[in-house]
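Structural description and commentary
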Protein chains: 2
Amino acid sequence: MSDDTPLDVDGLGACPIPISDYPNVLLAHGGGGSLSQMLIEGMFAPTFANDWLNPLHDGAVIEIDAGRMAVSTDSFVISPMFFPGGDIGSLAVHGTVNDVAMCGARPMAITVGMVIEEGLPMEDLWRIVSSIKAAADEAGVAVATGDTKVVDRGKGDGIFINTTGFGMVPDGIDIRPERIAVGDQVIVSGTIADHGIAIMSVREGLEFETALESDSASLGGLVEAILAAGGHDVHVLRDPTRGGLASASNEIAKAAGLGIRLRETAIPMQDQVLAACEILGFDPLYVANEGKLIGIVTSEVADEVLATMRSHPHGADATIIGEVVDDHHGRVLLTSRIGGNRVVDMLSGEQLPRIC
Amino acid sequence: MSDDTPLDVDGLGACPIPISDYPNVLLAHGGGGSLSQMLIEGMFAPTFANDWLNPLHDGAVIEIDAGRMAVSTDSFVISPMFFPGGDIGSLAVHGTVNDVAMCGARPMAITVGMVIEEGLPMEDLWRIVSSIKAAADEAGVAVATGDTKVVDRGKGDGIFINTTGFGMVPDGIDIRPERIAVGDQVIVSGTIADHGIAIMSVREGLEFETALESDSASLGGLVEAILAAGGHDVHVLRDPTRGGLASASNEIAKAAGLGIRLRETAIPMQDQVLAACEILGFDPLYVANEGKLIGIVTSEVADEVLATMRSHPHGADATIIGEVVDDHHGRVLLTSRIGGNRVVDMLSGEQLPRIC
């Protein structure tokens, strides 16, 4: 296989930068001169083409309706860059689009800022850029504008990606932890801990009968379905990423000043993920998810929201896992398999570095 | 001086994280658990406090009027982090706020995404965070939301900062290179090459009679003044950062399909910067600026815009340096000191790595 063999990524075609001339990213590809221009005009602009991006100015100008705009930013530093079920490119889209969706908003556009380490194989960059494109298309968001920097070898780690996303919150929707009330039902959209365990299994070289895959996915469609079913009765949406279900639940309980009681036996988990947690010594409640959400809704709409979620591909395993209670204010209580209760704290210290 | 001696940064007070317990940033400060929370609730939230940020959700929700919103993103990887005239924190605010302003918009808010290398002194982080706050206040923008990641030692370089900014474009303003016309005047807001040469002088250990300082500054106020004076007759605004005046002019000429003729003798420069360029072997036309802009306006309003700029602190040395011509379409022509003409190309390759 010669250096010239083009890599066709998921039907997006061969790397548009001649690999024989530029097998690796150079400092000059981020220097603002002609090599930067080659990367922008040869790879980024044609891949992400849309009306906002096409003028290639320093900023994009977007027509906006009046209303409430949700904005979220996230930097992605996951190691390894490519993992079962995704890569840093798709993850960077899903992570930010999901944070926008968790405000109750319809994601509209993202910005993409890349910090590349000198020497990154050009074909890896192309795989990642193609993956950003595919994930953005699937999520229905445009890449409105971007930025590329290259740092010297040994001063970065392949690639770090910042995405910032925004979208409008529909009228009548009001998502925030302060709205939860005693009796509200806590729903999780599917099995927990898949992302973190998939990454750790790769790092630790664990092998299972079937590959553990990250759940990395865009949840905008699922949120739209939830809001259509529950409307104003949807009080909180949250994606339990870093820190997992435990940290997300704690943040909500603390912000609301109420207790959250979870039932351990109700929390959906894949057997293999549970086994891996035991081998690796992780509590799955603290392990990151990248394609799951917690919804807290009034008991009146809980069954209808649950049914709607189960009919959506990203909510097939949705389950009611607990409720909001008038004790243990600001804390999360777990009723264990054997019936005992324990307080579930925030994650202290670092469990899984560079998981997203 | 004990480890406990607090650092008072520009009147913002001592570092709110106890330095004796946490002299350096740990991986766990980015892990989503209790140390992350300490950093967010102890340092970021009280420093940047505003109505959008205060709920500390994954996203901010902002009331927006209908209209054209400008959005820009930039990652900052400058080395060294602290330099004469600024630091990576103030630069990250100025750079993005300026890109939003160059769309003709009034900057409203920014997001801040930090990728910190494990081991960064906590007091350095506090200096940078304080500097972001001071620069944001001066520019009149709020930090709407943020994100913090920590990467292992040797996989980053102190800190990288992504900022994404947005703001609304006032009615009647239409800024884009396609609007330039033959006879339009090209104005630069002050001396060029100050930023790049200040950074390179530090790196190379050059000493001058007076310190060379970066021109890093927020240009939102200057843009407002220009638009008040020139209105719809302001065709282009551009801040000549990476690639300098030459690359910015080339991008405009290319997008417009017209020529731009510049007069070398008219371009303002500090004597010391010119001397440093000669010592270091740099063409100042290609050296980065971080507090200057190019305005291209009709000849009818040029004098009034120029006078307005000169009465603004960031435009005191503003000068008309050239005009739009109907030859050399898509290119930039420079009339040199001795009267000859030469084509000024895009910067090819890398001149000054990690300048922003």
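Just so we're clear, the structure is a prediction, and the values are computed from it rather than from any experiment.

A few points about the sheet that holds strand β8 (residues 185-188) of chain B
Residues and elements named next belong to chain B. In spatial order, the strands read β9-β11-β8-β12-β10-β13-β14; together these seven strands make up an open sheet with mixed pairing. Both outer strands of the open sheet, β9 (234-238) and β14 (341-344), are each paired with one neighbouring strand and no more. Averaged over all pairs of adjacent strands, the angle between their axes in this sheet comes to 25 degrees, without regard to strand direction. Alignment of β9 against strand β11 (residues 294-297), held across four bridges, turns out to be antiparallel. From the neighbouring strand, L237 faces β11, where its bridge partner is G295.

With respect to the pairing of strand β7 (residues 159-169) of chain B
Residue and element names in this part refer to chain B. Counting buried residues in β7 gives 11 out of 11 residues, a clear majority hidden from the surface. Here strand β2 (residues 67-76) runs beside β7; their pairing, made up of nine bridges, is antiparallel. Paired with V71 across the two strands is F166, which belongs to β7.

Concerning empty space enclosed by the protein
In the structure shown here, the tally under the stated rule is five cavities of 30 Å³ or more. Here the second largest cavity defines a volume of roughly 100 Å³. Every residue lining the second largest cavity is listed: H57, D58 and G59 of chain A together with D99, M102, C103, I175, R176, P177, V236, L237 and R238 of chain B. Sorting elements by how many residues they give to the lining of the second largest cavity places β9 of chain B first, with three residues. A per-class count over the lining of the second largest cavity returns six nonpolar, two polar and four charged.

As for the relation of the copies chain A and chain B
Expressed as a screw operation, the relation of chain A to chain B combines 0.0 Å of axial shift with a rotation of 180 degrees, fitting to an RMSD of 0.0 Å. Accordingly, the operation relating the two chain copies is best matched by a two-fold axis. Taken as a fraction of all interface residues of chain A, those also at the interface in chain B reach 100%, which identifies the copy contact as same-surface.

As for the side chain of D215 of chain B
Residue and element names in this part refer to chain B. Tracing the backbone through its elements, the reader meets D215 in the loop between α4 (194-204) and α5 (220-230). Of the polar contacts made by the side chain of D215, one reaches the backbone nitrogen of E290; its length is 3.0 Å. Ignoring anything within four residues of it in the chain, the contact list for D215 reads D194, H195, N289, E290, G291 and K292.

A few points about the nonpolar core
Within the largest apolar cluster, 81 residues are counted, with the highest numbers of intra-cluster contacts made by M43, M122, L125 and I159 of chain B. If one sorts the elements of this core by residue count, helix α3 (residues 122-139) of chain B sits on top with nine residues. Not counting residues up to four positions away in its chain, the partners in contact with I159 of chain B are F76, M81, I88, M114, V115, I116, L120, L125 and I128 of chain B. Core analysis: the next-biggest nonpolar cluster, separate from the first, contains 80 residues, F48, L245, A253 and L285 of chain A among them.

Overview of the confidence of the model for chain A
All names here are of chain A. Mean pLDDT for chain A: 93, with 96% of residues reaching 70 or above. Segment residues 1-6 is flagged for pLDDT under 50; beyond a separation of four residues in sequence, or across chains, it makes six contacts in the model. Interface confidence for the predicted complex, given as ipTM, is 0.94, next to a pTM of 0.95.

With respect to the packing of helix α2 (residues 88-101) of chain A against helix α3 (residues 122-139) of chain A
Residues and elements named next belong to chain A. Where α2 contacts α3, the two axes come as close as 7 Å, and the packing angle between them is 30 degrees. Relative to α3, the crossing made by α2 is right-handed. Contacts between α2 and α3 pair I88, G89, S90, V93, H94 and V97 from the former with I128, S131, I132, A135, A136, E138 and A139 from the latter. Across the contact of α2 with α3, the residue classes break down as eight nonpolar, four polar and one charged.

Observations concerning the pattern of salt bridges
Applying the stated criterion to the full structure yields 34 salt bridges over all chains. Of the charged contacts, one joins K155 of chain B and D157 of chain A as a salt bridge, the two residues approaching to 4.0 Å between their closest N and O atoms. Highlighted residues: K155 of chain B in the loop between β6 (142-151) and β7 and D157 of chain A in the loop between β6 (142-151) and β7 (159-169), drawn from two different chains. In this structure, K292 of chain B and D215 of chain B form a salt bridge, with 3.1 Å as the shortest nitrogen-oxygen distance.

A short note on the interface of chain A and chain B
Accessible area lost during the coming together of the parts is what is often quoted as the interface size. Listed as interface residues are 70 residues of chain A and, on the opposing side, 70 residues of chain B. Considering only the side of chain A, the residues that lose the most area to chain B are D58, M69 and R242 of chain A, jointly responsible for 11% of the buried surface there. If you look at where chain A meets chain B, you find 10 salt bridges. Notably, a salt bridge pairs D152 of chain A with R354 of chain B, separated by 2.9 Å at the nearest N-O pair. Across the contact surface, chain A and chain B share 23 residue pairs in polar contact (both at pLDDT 80 or more). Counting only elements with at least two residues in the side of chain A that touches chain B, the list comes to α1 (34-48), β1 (60-64), β2 (67-76), β5 (106-117), β6, β7 and α6 (244-256) of chain A. Here the side of chain A that touches chain B takes nine residues from β2 of chain A, the largest share from any one element. Here the side of chain A that touches chain B is built from residues that sort into 25 nonpolar, 25 polar and 20 charged. The pairing of β2 of chain A with strand β1 (residues 60-64) of chain B spans five bridges and is classified as antiparallel. For R68 of chain A, the partnering residue across the bridge sits in β1 of chain B and is E63 of chain B.

The rules we used
Residues numbered from 1 in each chain as written. Chains lettered and ligands numbered in written order. Predicted model: local features only at pLDDT ≥ 70, side-chain atom pairs only at ≥ 80, totals over all residues. Heavy atoms only, no water. Pairing = 2+ DSSP bridges. Helix = DSSP H or I, 4+ residues; strand = E, 2+ residues; numbered from the N terminus. Axes fitted to C-alpha atoms, helices over the stretch in contact; angles between N-to-C directions. Buried < 20%, exposed > 50% of the residue type's maximum accessible area, 1.4 Å probe, protein only. 1 Å grid on protein atoms, 1.4 Å probe; cavity = no way out; pocket = protein on both sides within 12 Å on 5 of 7 lines; lining within 4 Å. Points joined across faces, edges and corners; volume = space filled by probe spheres on them. Nonpolar A, V, L, I, M, F, W, Y, C, P; charged D, E, K, R; others polar. Least-squares fit on C-alpha atoms with pLDDT ≥ 70 in both. Contact = heavy atoms within 4.5 Å. Polar contact = N/O pair within 3.5 Å; in protein donor to acceptor, adjacent residues only side chain to side chain. Core = buried A, V, L, I, M, F, W, Y, C linked by side-chain atoms within 4.5 Å. pLDDT = per-residue confidence, 0-100. Left-handed = near helix turned anticlockwise from the far one by under 90°. Salt bridge = Lys/Arg side-chain N within 4 Å of Asp/Glu carboxyl O. Buried area = accessible area lost by both parts, 1.4 Å probe.

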